[in-house]
Amino acid sequence: MNSIEQFKKWISESGNIVFFGGAGVSTESGIPDFRSVDGLYHQHYDYPPETILSHTFYLEHTEEFFRFYRDKMLALDARPNAAHIKLAELEAAGKLRAVITQNIDGLHQAAGSKEVLELHGSVHRNYCRKCGKLYTARQIKESEGVPRCDCGGQIKPDVVLYEEGLDSQTIQDSVRYISRADMLIIGGTSLAVYPAAGLIDYYKGNKLVLINKSSTPMDRKADLLIQDSIGKVFSAIEV
């Protein structure tokens, strides 16, 4: 039995699946991956992306932060790919319990997934730091300079920047889902970003599937390792 057939068999046998995903899930929708060869880390700016996307830089160079943010982080024309769509179908069929994602693009929800835990926030939620009024990603994209609320307050994206902590409730919910899962599928992540990558240690089952084009530090822990395109792998599933 090849790895794809094994993957399909485990899905058919499981009723409490959790999916944990990273940037590689969205690259097939045209959203750049920070760490890939053609990703944001390998492009040239006045500052490295990890510096621009830090809490300190946001506070001290706010206009430059938003110039980069609009240009590189708001891929609002991107559409869900085969992996997003199949995960939503698995949830609708009662097999998938939750999607836990490091992505901030909202593509899982756009595909129809309901229970999505966003570890790093979402570009689609933006709030006034003064009055709390909410703004859409499109409003931020079309704004200029430092976006301001009607009340005059500064608008901040609800995304977790470097130097900022993850939301404790989201972490607790993720731990609960992973610890109870009978199958954990990890896809499109290098598992290099902590504390998010550490969440998979809470899985106690024997159907840990790791789907990623390149190797990761967790490869040896996987019960099934598939080094291929995540969209291609999920396209093979029949729900």
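Going by the structure above, here's the rest.
Residues numbered from 1 in each chain as written. Predicted model: local features only at pLDDT ≥ 70, side-chain atom pairs only at ≥ 80, totals over all residues. Heavy atoms only, no water.

### Some details on the pairing of strand β8 (residues 208–211)
Judged by which residues are buried, β8 turns out to be covered on both faces: Leu208 and Leu210 on one side and Val209 and Ile211 on the other are all buried. Here strand β7 (residues 183–187) runs beside β8; their pairing, made up of four bridges, is parallel. Residue Ile186 lies in a different strand from β8, and its bridge partner there is Leu210. For β8 and strand β9 (residues 224–226), the ladder comprises three bridges, and the chain directions are parallel. (Buried < 20%, exposed > 50% of the residue type's maximum accessible area, 1.4 Å probe, protein only. Helix = DSSP H or I, 4+ residues; strand = E, 2+ residues; numbered from the N terminus. Pairing = 2+ DSSP bridges.)

### A few points about the sheet that holds strand β1 (residues 17–21)
Neighbouring strands of a sheet are bound in pairs by backbone hydrogen bonds; such pairs are parallel or else antiparallel. One open sheet holds the six strands; their spatial order is β3-β2-β1-β7-β8-β9, and the pairing between them is parallel. Of all the strands in the sheet, the pair left with one neighbour each is β3 (116–118) and β9. Across the sheet, the axes of successive neighbouring strands diverge by a mean angle of 15°, strand direction being ignored. Against the sheet, helix α1 (residues 3–13) engages β1, β7, β8 and β9, with an angle of about 125° to β9. Of the strands in this sheet, β1, β2 (96–101), β3 and β7 are in contact with helix α9 (residues 168–180), which crosses β3 at around 135°. (Axes fitted to C-alpha atoms, helices over the stretch in contact; angles between N-to-C directions. Contact = heavy atoms within 4.5 Å.)

### Concerning unusual backbone geometry
Positive phi values are uncommon outside glycine, yet Glu163 reaches one of about 85°. Secondary-structure assignment places Glu163 in the loop between β6 (155–159) and α9.

### Regarding the pattern of salt bridges
Applying the stated criterion to the full structure yields 13 salt bridges. The partner of Glu118 in a salt bridge is Arg125, and the shortest N-O contact between them spans 2.8 Å. Of the charged contacts in the structure, one is a salt bridge between Asp150 and Lys133, with a shortest N-O distance of 2.5 Å. Pair noted here: Asp150 is in the loop between α8 (137–141) and β6 and Lys133 is in the loop between β4 (121–128) and β5 (134–135), with a separation of 17 residues, a long-range link. A residue is classified by how much of its surface remains accessible, and Asp150, at 63% relative accessible area, is exposed. Classification of Lys133 by relative accessible area gives partly exposed; the value is 37%. One network of salt bridges, in which partners are shared, links Lys9, Glu13 and Lys207. (Salt bridge = Lys/Arg side-chain N within 4 Å of Asp/Glu carboxyl O.)

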